[in-house]
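# Residue-level structure breakdown
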Amino acid sequence: MPERIVIIGGGQAGGRVAQILANSSADFHISLIGREPHPPYNRPPLSKGVLLAKSGFEDCAIWREGDGAAGKIRFHASVAAKMIDTGAKNVGLDDGRVIEYDRLVLATGSRVRRVSMPGADCSGVYMLRTFDDAVKIAKQFHSGLRLVVVGGGFIGLEIAAAARTRGLHTVVVEATNRLLSRIAPQSIGDALARHHEQAGVSFRVGCMVERLISTRSGKLKSALLSNGETIPCDLAIVGVGVTADTELAASAGLDVQVGIRTDATLRTSDPNIFACGDAVSFWHPLFERHVRVEAWQNAEDHARVVAGRLMGQETICDTVPFFWSDQYELSMQIVGLPQYGSFVVSHATEDAQILYHLDPRGRLVGATGLGPHQLIGRKIRAARQAIAGRSCPDAQALKGGLIRSDAPPESGNLEREEENPAPFSARIPL
C-alpha cells in the first residue's frame, strides 16, 4: 500500500514538499490541505509584480503548467484543518471530513498581525497576505490617489515602492523611531529611507495611526496619528508583520516555543510529524541554536529537507538563511543571522554598502547589503559561503570588501552573552 502523506498548509513550503514527493519514484498517497482556493504559489511577487500590475497568478504558481506532479496530489482547497488526533493518526477538517495519515507535515506558515484601531474595517483599508489581497489592492492603485501605509518594515516599504511607481501619493507611518528596526541596522534603514524620500514617499516615524476616519458612507478619508496630525487618504494598507501559525500544533500537544519546535531534520516532538516553513523554530547546527526565519528561501530549504526525510534520505537543514527585497532599482540582501554581534562596514560606492556581522570571537555570522544588485550580489554570495564555512575573516579585509579567512574558527560552542539564549526569530516578511 502507498504511504499516506498528509500536508497541512497549501503555501510555498507545503506545495513544494508535495511537488517533490509527487515527482519522486517513491510510492506515496499525497494529500495537501489549503485554506485558499488557489493551488500553491510564491508570495514574493505579490508586493512586487502583482501590485505593479505586471504579474498574474501564472507568474506566482509553484505547480506550473505541464508539471505532472499536480495530477498525483489530492489537493483539498478552501478548507482548513481544525484538529489532529496523533493517537489515531488522522486530521479533522472544518467541513467534517477526516483524513488518515502515516506521516504528517505541518506547513501552516504565518498569519498577518491584525490591528484593533477604530475605523480599520471601513472601505478602502486593506492587508496584504494572499494573491487575492494583492489583486484587490492593485485594482485600487490609480495615479494621484493618496495612500497611507501602516508599518515601516519590509512589506510596508515594498508596498510604498510599488505605490509610488504607480503614481500614488504615499505616506508610511512607523511606530518605532526608524525603519526596519526589527531586522536591519540603522544605517541600512536610513539609506533606504533617503531613497524612498527621493522617490516621493513621506515618512512619519515614532508615532502610530490611532484612528482611521471615514465619510458618512463608510469610505476612508483620513488617518489620525498619535502625534495629533491628520493625514488625508483614499486608501490605507496595514503591514505590521506576521505571527507564526502554531495553534493547530499546540492543540495536538506538540512542542511549541516561538514556533513549532523541531530538530535539524525538521521532525517535531511527535516522530510521525514534520514541520516546515515560517511556523518552525528549528535547531540550526551552524549557529547551534533554534531559529525561526520568515523568508522564501527558508521555505524552499525546509521543503527539500522534509521531502528528503520522507523519501528516506539523511537530510538536515544547515543552510545559511537568505532574504532579499527589491525596491526601485535597489536590492537589499541579508544572509545569516544579522542581529547577532558587532559589524564591519564596507562601502562599494556611495550607493552601495554591506555590513558584515561578527560574533564575539570574530566569526562571520551575517551580512546585510543594500545597493544595485550588480554591486552587492557577488559579495553577499561570498559572505554566505564564508558563513557556511565558519570563517573568521580579517576585519580590515572586510572593510575593503574582501572576504578571506586569515584564522580558522575556534572549536566548541560560540561565546554568548547568555548561557542559554532565547530562540532567534528573524522577523523577515515574505
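### Re the environment of Ala 367
- Within the fold, Ala 367 resides in strand 27 (residues 364-371).
- Distance in space between the C-alpha atoms of Ala 367 and Asp 121 is 40 Å, their sequence separation being 246 residues.

### Section: helix 5 (residues 186-198)
- Between the first and last C-alpha of helix 5 there are 18 Å, a value that for 13 residues agrees with the 18 Å anticipated at 1.5 Å per step.
- After helix 5 finishes, the residue Gly 200 shows a positive phi value of roughly 110°.

### Brief notes about the pattern of salt bridges
- All told, the structure shown has 16 salt bridges when counted by the stated rule.
- Between Arg 16 and Glu 300 there is a salt bridge, with its nearest N and O atoms 2.9 Å apart. With Arg 16 in helix 1 (residues 12-22) and Glu 300 in helix 7 (residues 296-310), this residue pair connects regions lying 284 residues apart in the sequence. In this pair, the class of Arg 16 matches that of Glu 300, namely buried.
- For Glu 294, the salt bridge goes to Arg 292, with nearest N and O atoms at 2.8 Å.
- A relative accessible area of 2% means that Glu 294 is categorised as buried.
- Each of Arg 16, Glu 300, Asp 301 and Arg 304 takes part in salt bridges that share partners, so that together they form one network.

### Remarks on the layout of surface pockets
- Considering only enclosed or pocket space, the largest pocket measures out at about 1000 Å³ in volume.
- In terms of lining residues, the largest pocket is bounded by 44 residues, among which Arg 35, Arg 43, Ser 110, Arg 111 and Arg 129 are the most central.
- When contributions to the lining of the largest pocket are tallied by element, the ones reaching two or more residues are helix 1, strand 8 (110-112), strand 9 (125-127), helix 3 (131-140) and helix 6 (247-251).
- Taken together, the residues of the lining of the largest pocket sort by class into 21 nonpolar, twelve polar and eleven charged.
- If you add up the space inside the second largest pocket, you get close to 490 Å³.

### Some details on the nonpolar core
- One finds Ile 8, Val 91, Leu 104, Leu 106, Phe 141, Leu 147 and Ile 159 to be the most contacted residues of the largest nonpolar core, which totals 114 residues.
- No other element matches the seven residues that helix 4 (residues 154-165) contributes to this core.
- Once residues lying within four places of it in the same chain are set aside, the contact partners of Ile 159 are Leu 51, Leu 128, Phe 141, Leu 147, Val 149 and Ile 237.
- By size, the runner-up hydrophobic cluster in this structure holds 20 residues, among which are Val 150, Leu 212, Val 238 and Val 242.

### What about the environment of Ile 316?
- In this structure, Ile 316 sits in the loop between helix 7 and strand 23 (322-327).
- In this structure Ile 316 comes out as partly exposed when scored by relative accessible area, which is 36%.
- Separated by 49 residues in sequence, Ile 316 and Arg 267 have C-alpha atoms that sit 9.9 Å apart.
- Contacts of Ile 316, omitting those with residues within four sequence positions, involve Ala 264, Thr 265, Pro 285, Val 305 and Arg 309.

What counts and what doesn't
- Residues numbered from 1 in each chain as written.
- Predicted model: local features only at pLDDT ≥ 70, side-chain atom pairs only at ≥ 80, totals over all residues.
- Heavy atoms only, no water.
- Helix = DSSP H or I, 4+ residues; strand = E, 2+ residues; numbered from the N terminus.
- Expected span 1.5 Å × (residues − 1).
- Salt bridge = Lys/Arg side-chain N within 4 Å of Asp/Glu carboxyl O.
- Buried < 20%, exposed > 50% of the residue type's maximum accessible area, 1.4 Å probe, protein only.
- 1 Å grid on protein atoms, 1.4 Å probe; cavity = no way out; pocket = protein on both sides within 12 Å on 5 of 7 lines; lining within 4 Å.
- Points joined across faces, edges and corners; volume = space filled by probe spheres on them.
- Nonpolar A, V, L, I, M, F, W, Y, C, P; charged D, E, K, R; others polar.
- Core = buried A, V, L, I, M, F, W, Y, C linked by side-chain atoms within 4.5 Å.
- Contact = heavy atoms within 4.5 Å.

These values are about where atoms sit, not about what they do.
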